[in-house]
Amino acid sequence: MTAQEYNHDFLPRINRAEEFVELFESSIEHMSETRVDKDEVRKQFRIRGWSEETRQVILAALEYYKCAEGLAKIRG
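Scoring rules and cut-offs
- Residues numbered from 1 in each chain as written.
- Predicted model: local features only at pLDDT ≥ 70, side-chain atom pairs only at ≥ 80, totals over all residues.
- Heavy atoms only, no water.
- Helix = DSSP H or I, 4+ residues; strand = E, 2+ residues; numbered from the N terminus.
- Salt bridge = Lys/Arg side-chain N within 4 Å of Asp/Glu carboxyl O.
- Buried < 20%, exposed > 50% of the residue type's maximum accessible area, 1.4 Å probe, protein only.
- Patch = residues over 30% accessible without salt bridge, like charges linked within 9 Å, V, L, I, M, F, W, Y side chains within 5 Å.
- Areas by Shrake-Rupley, 256 points an atom, 1.4 Å probe, with all protein chains shown as cover.

## Considerations on the environment of Ile14
Note that Ile14 resides in helix 1 (residues 3-31). Residues Ile14 and Ile58 lie 44 residues apart in sequence; the distance between their C-alpha atoms is 8.3 Å.

Encoded structure:
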């Protein structure tokens, strides 16, 4: 991967996925409150970048993490 590919393709996808994960984490903390408008939370997910691409980046990162931490070997 060249520096240009990293800066213009890979890094933006990682940043979008990271932003979504942070939003998701924050939303989980607030979803138990009855005052929270759950439809608004869903709307923010869509606005902030939940997409098939974001989903794939997160799944790929999780798979890499499993392999790097040896979990894939444990599970067989």
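## Some remarks on the pattern of salt bridges
Tallied over the full model, the rule gives three salt bridges. The closest approach of N and O atoms between Glu53 and Arg16, which form a salt bridge, is 2.7 Å. Remark: Arg16 occurs in helix 1 and Glu53 occurs in helix 3 (residues 52-68); sequence separation between them is 37 residues. Since its relative accessible area comes to 36%, Glu53 is described here as partly exposed. Overall, the relative accessible area of 32% leaves Arg16 in the partly exposed class. Notably, a salt bridge pairs Arg55 with Glu52, separated by 3.0 Å at the nearest N-O pair. Pair noted here: Arg55 and Glu52 are both in helix 3, with a separation of three residues, about one helical turn. By relative accessible area, which is 47% here, Glu52 ends up partly exposed.

## Observations regarding a nonpolar patch on the surface
Among the surface-exposed residues, Met1, Tyr6, Phe10 and Ile14 lie close enough to one another that they form a single nonpolar patch of about 380 Å² accessible area. Structurally, Met1 is set in the segment before helix 1.

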